[in-house]
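# Commentary on secondary and tertiary structure
Below, each chain spelled out in residue letters.
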Amino acid sequence: MTIAAPEPKENQGRPEPRVDARLKVTGEARYPADFALPNLAHAVLVTSSIARGTVTAVHKEAALAVPGVLDVLTYGDADALENPTFGNGNMTSVQPLKKRRIEHDGQIVALVVADTFEAASEGASKVRVEYRPEPASATLESEGTEVIPAVGNTQNHKEDASVGDFAGAFERAPVKLEAEYRTPAQHHNPIELFSTTAVWHDGDLTVYEPSQSVHGHKNALAKQLRIDPARVRVVSPFVGGAFGSKGPLSPRATIVALAAQKLNRPVRCVVSRMQAFTTQTYRAETRHRIQMGATPNGRVVAFSHEGWELTSRPDNYVVGGTDATTRIYDWGAVQSKVSLVKADRQTPGYMRSPPEVPYVFALESALDELAEKLGMDPIELRRVNDTMAEPIKKSPFTSRSLMACFDEAAKAFDWSRRRPTPGATRNGDWLVGYGCATTYYPSNTAASTARVRFSPDGKVVVQTASHEIGTGVRTVAAQMAAERLGVDVTAVAVEMGDTSLPPAPVAGGSNSTASVCSTVLKACDAIRARVFKAVAEINDSPVAGRAASELDLQKGEVVAGNGARAKLADLLRKAGVGVIEEYAEFIPEGGAPDAIAKLYQGQTSMSGGSHGKKMMFAFGAEFVEVHIHRLTREIRVPRLVGAFAAGRIMNTRTARSQLMGGLIWGMSSALHEATEIDPRNARIVNRDLQDYLVPVNADARDVEVLMLSEVDREVNPAGVKGLGELGNVGTNAAIANAVYNATGKRIRRLPIRVEDLL
Ligand code: MOS
């Protein structure tokens, strides 16, 4: 594995170390639960031990008798709250402590507040709750679920894509494949625990909470608390992992705010790892049915993808991955349908590459199966069906380097050594398998705002309420400002994660780098225009009279096209110009005119993917080598190789880190991770990191990331395609395909475990 940061290729930025790296490794970076507050009280949740039924009594006397316990909030204490609206910045419509109805396992039933965390914990253990339980439907296979179409019942999936006569084309196709695939529930488990700290001051509320959407949280909190959003501030300068789990407002936040109001002192609630499994969101389990009809030379002339996704009784959460699977290759006729299966579970939510991870596992496994049937190399099958326009409306891709990624990755991986016959390659007692899969992710860009301040001494401040969830967005924002203003990255200070800053979109859908960099670019260009206008008017300067288009800012100098240059600081002094500040509002092409107004209300307006006039996607090819022990069936992954093309890469170091993390998580998803639901009572069984399996370093040995040079002038002004979620999409299928190559066993249900291969 190479440790050195990758050398930038064309259209790739320098591998600057993270601007906040030192803060993070020295412990100086303050995460939301780290802020010291005077007179802080601590809160601990009490959660339900049934998944469905009614709370008949809450006995809090024993808890109140614990020394240090201040209060126990339960039914009756939250009646003043407005109910949350699902899909509008809230993760569920269930407001705990209002109705005594239990909708899912581990629902919040009380909040114990004490002088110390220990007293609150002891108090929480002494709250006794009585229930009238009802039988609960646990999962996709359970009795008593309700199955409804996603179309007409959800906001995020409005149409089941189709084109041509699928039934006829499938019937006539000489080669046919039909298969079902399943993916499990998974939990994000960010290392930074979930938390809320609420402080009231003269009717103004400050909330410290790890957040992917500070303006979203601010507005959702204000609405539920029925106060003016101007009175709410949300602070989240660093986030220790999120992956979608910290996007919507949790049902806990408002209760903690109520407790702080009631007690008239700051209250902090850090949620335990175990309680996070039921009080936050998760990736829902899915089922897929794929049908493909092909010609003998591999043209897929008929494609059908049906998906079933689990959701809760009260909320219709959907990911609807067929929006993309129906458009990603040059299918002939297409049909698709997404259904929701409503069970007695908490409402699922976004988790890294929400639609792509389950739906692409099905798609890319099926393509591997079809290649086997056709006797074709799996890469060639993808080449035959590659396209620059999607098949439904023939919308063109703005750029697509899928096959170039396959070619580069295949070379680095040495795919030519693969033997198509399963089990043909051995290494001592180990069966060796090679597999590959396509990965893709929609290139989203969202409306955003930013303020940039440029001082004559070359210092720059960038302010935008975006979110550093570990991706390096602070660093790339600094790089964009440094590039446009001709200063070193170290001269740029970036302020993020606070609603007192200009709003930025949710850190979701991999849009942050594209949106923030496009907005910073716009603000910096406005500053450049002002600088160039001012300096051109100074008669005795070497750059006098030059048009702005002829001028550039480089290393603290104004440089003209003819090579003339002068120190910027001198010019600005002569021009009598001090600090220049620009506030920019950026709306991506085709975005709604009210996108900025909505952003101030905490709502993100995203463009990109398959929903506009053009298809905007980043692509990659992922290759894996698996070793499976001949006798024990132990599964090892000695090698992961991914080649990716995602437009302009702002920083090859931070980009590689995202892609590498994605590949490793993809491997984990294929082989380790699954949330086990007890089918008898719809409760989560493995609610900690001891039983919820995640990989360790020894599980990820050689991980190679190749980043292709790609230029896309259409996706957004920055030319950036987000890649935070690109890495973990194809890995599941690549591993299943490699397991087949090693063993001849086709595993269509994740995760793949030793017992599947016996
Ligand atoms: Mo990401 S799951 O789009 O926050």
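Residues numbered from 1 in each chain as written. Predicted model: local features only at pLDDT ≥ 70, side-chain atom pairs only at ≥ 80, totals over all residues.

### Focus: the nonpolar core
Within soluble globular proteins, side chains that are nonpolar tend to cluster in buried spots. How we decide: Linking buried Ala, Val, Leu, Ile, Met, Phe, Trp, Tyr and Cys residues through C-beta atoms within 7 Å yields a set, and such a set is a nonpolar core. Counting other C-beta atoms within 10 Å of its own, a residue is labelled buried from 20 upward, exposed at 12 or fewer, and partly exposed in the gap between, with every C-beta atom placed from the backbone. Helical segments are the DSSP runs of H or I of at least four residues, strand segments are the runs of E of at least two, and each set is numbered from the N terminus. Each residue is represented by a C-beta atom placed from its backbone, and any two residues with such atoms within 7 Å are regarded as in contact.
Counting 226 residues, the largest nonpolar core has V112, A481, V520 and I735 as its most contacted members. Ranked by residue count, the leading element in this core is helix 13 (residues 512-536), at 12 residues. Excluding anything up to four places from it in sequence, A481 contacts V452, V460, V462, V492, V520 and C524.

### Quick look at the UniProt feature "domain: Aldehyde oxidase/xanthine dehydrogenase a/b hammerhead" (unreviewed entry) in the protein chain
Going by this rule: UniProt positions are given in the numbering used here, feature names are shortened, and annotations may be inferred rather than shown by experiment.
Taken from the UniProt record, the annotation "domain: Aldehyde oxidase/xanthine dehydrogenase a/b hammerhead" (unreviewed entry) applies to residues 26-135. Regarding residues 26-135, the helix share stands at 13% and the strand share at 31%, and the terminal C-alpha atoms are separated by 51 Å.

### So, the environment of E550
Mapped onto the secondary structure, E550 falls in the loop between helix 13 and strand 22 (551-554). Its 15 C-beta neighbours within 10 Å are what place E550 among the partly exposed residues. Aside from chain neighbours lying at most four places away, what touches E550 is A560 and G561.

### Considerations on the sheet that holds strand 31 (residues 702-707)
Here is the rule we go by: In this analysis, strands are considered paired if DSSP registers two or more bridges between them. Fitted lines through C-alpha atoms serve as axes, helices being fitted only where they are in contact, and the angles separating the N-to-C directions of these axes extend from 0 to 180 degrees.
Within the open sheet, the five strands sit side by side as 16-17-27-28-31. Their pairing is mixed. Edge positions in the sheet fall to strand 16 (426-427) and strand 31, since each has one partner strand and no second. By the bridge criterion, two bridges tie strand 16 to strand 17 (residues 430-442) in an arrangement that is antiparallel. Bridge pairing in strand 17 places N427 opposite W430. Contacts from helix 11 (residues 402-413) reach strand 17, strand 27 (617-629), strand 28 (635-645) and strand 31 within the one sheet, and its direction differs from that of strand 28 by about 140°. This element, helix 17 (residues 731-743), spans strand 17, strand 27 and strand 28 of the sheet and lies at about 155° to strand 17.

### As for the sheet that holds strand 22
Hydrogen bonds along the backbone pair up the strands of a sheet, which may run parallel or antiparallel. Pairing is antiparallel in the open sheet, where three strands are placed in the order 22-23-24. Both outer strands of the open sheet, strand 22 and strand 24 (565-567), are each paired with one neighbouring strand and no more. Strand-to-strand twist in this sheet, taken as the mean axis angle between neighbours without regard to direction, amounts to 25°. Strand direction decides the pairing type here: strand 22 and strand 23 (residues 557-560), joined by four bridges, are antiparallel. Opposite L553, over in strand 23, you have V558 as the bridge partner. Taken strand by strand, helix 14 (residues 568-575) contacts strand 22, strand 23 and strand 24, and its axis lies near 75° from that of strand 24.

### Some thoughts on the environment of G508
Tracing the sequence through the fold places G508 in the loop between strand 21 (492-495) and helix 13. In this structure, G508 is in contact with Q212, G244, G247 and Y350, ignoring residues within four places of it in sequence.

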